[in-house]
Amino acid sequence: MSRRAQTTAEKLPAKRPAERRRQSRFDKVFAVYLAGDQGSARGIARNISSGGMFIETAAPFALGSGVRVTFTTSEGRAEIIAKGEVRYQCALEFGGPEGQRGQLRGIGVRFLSFETSAREQHENQVLH
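An account of the accompanying structure is given in this report. (Residues numbered from 1 in each chain as written. Predicted model: local features only at pLDDT ≥ 70, side-chain atom pairs only at ≥ 80, totals over all residues. Heavy atoms only, no water.)

Quick look at the pattern of salt bridges
Item 1. Tallied over the full model, the rule gives six salt bridges.
Item 2. We note a salt bridge from Glu115 to Lys83, for which the minimum N-O separation is 3.5 Å. Residue Glu115 is found in strand E6 (residues 101-116), and its partner Lys83 is found in strand E5 (residues 79-95); the two are separated by 32 residues along the sequence.
Item 3. The exposure class assigned to Glu115 is partly exposed, which follows from its relative accessible area of 27%.
Item 4. A salt bridge links Arg87 to Glu85; the shortest N-O distance between them is 3.9 Å.
Item 5. Accessibility expressed as a relative area gives 18% for Glu85, which makes it buried.
Item 6. Connected via shared salt-bridge partners are Arg68, Lys83 and Glu115. (Salt bridge = Lys/Arg side-chain N within 4 Å of Asp/Glu carboxyl O. Helix = DSSP H or I, 4+ residues; strand = E, 2+ residues; numbered from the N terminus. Buried < 20%, exposed > 50% of the residue type's maximum accessible area, 1.4 Å probe, protein only.)

What to know about the side chain of Thr70
Item 1. Inspection of the secondary structure assignment puts Thr70 in strand E4 (residues 66-72).
Item 2. Judged by relative accessible area, Thr70 falls into the buried class, the value being 18%.

Side note on the sheet that holds strand E1 (residues 30-36)
Item 1. Read once around its circumference, the closed barrel built from six strands follows the order E1-E2-E3-E6-E5-E4, with strand pairing classed as antiparallel. Neighbour to neighbour, the strand axes of the sheet diverge by 45° on average, direction disregarded.
Item 2. Bridge analysis of E4 against E5 gives seven bridges, and the strand direction is antiparallel. Within E5, the residue paired with Thr70 across the bridge is Ile81. (Pairing = 2+ DSSP bridges. Axes fitted to C-alpha atoms, helices over the stretch in contact; angles between N-to-C directions.)

Here we look at the nonpolar core
Considering soluble globular proteins, one finds that nonpolar side chains tend to be buried as a cluster.
Item 1. If you look at the biggest cluster of nonpolar residues, it comprises 17 residues, and the most contacted ones within it are Val32, Leu34, Met53, Ile55, Phe61, Val67 and Val69.
Item 2. Residue assignment for this core shows that the elements contributing at least two residues are E1, strand E2 (39-46), strand E3 (52-56), E4, E5 and E6. (Core = buried A, V, L, I, M, F, W, Y, C linked by side-chain atoms within 4.5 Å.)

Put into structure tokens, the structure is as follows:
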């Protein structure tokens, strides 16, 4: 590559990959409870959309397995249960301060359906 071509290439901004996501993301962090054929676990939900979410958990469920994700409002008044399918697993190891190593493990869940909790069903019957 000539010197002039190299200089021109260095000045051009790098192309960003096209956004492949169909739904916009809501990056709110909150605790969830997972249940499935492989047992149960706690997790931290991140990066939620109408189609699914990423859940940070120490006990990832198997690919393709069904999972129920239960989360509540911060006041504990409403409980939402999402039925989903594990679409991917993620395991990252990274360097931290003072040479410490950090790890992040989790699963990507695609939502299949939603249901109301027994508590909400009872409250709706009492109100009507």
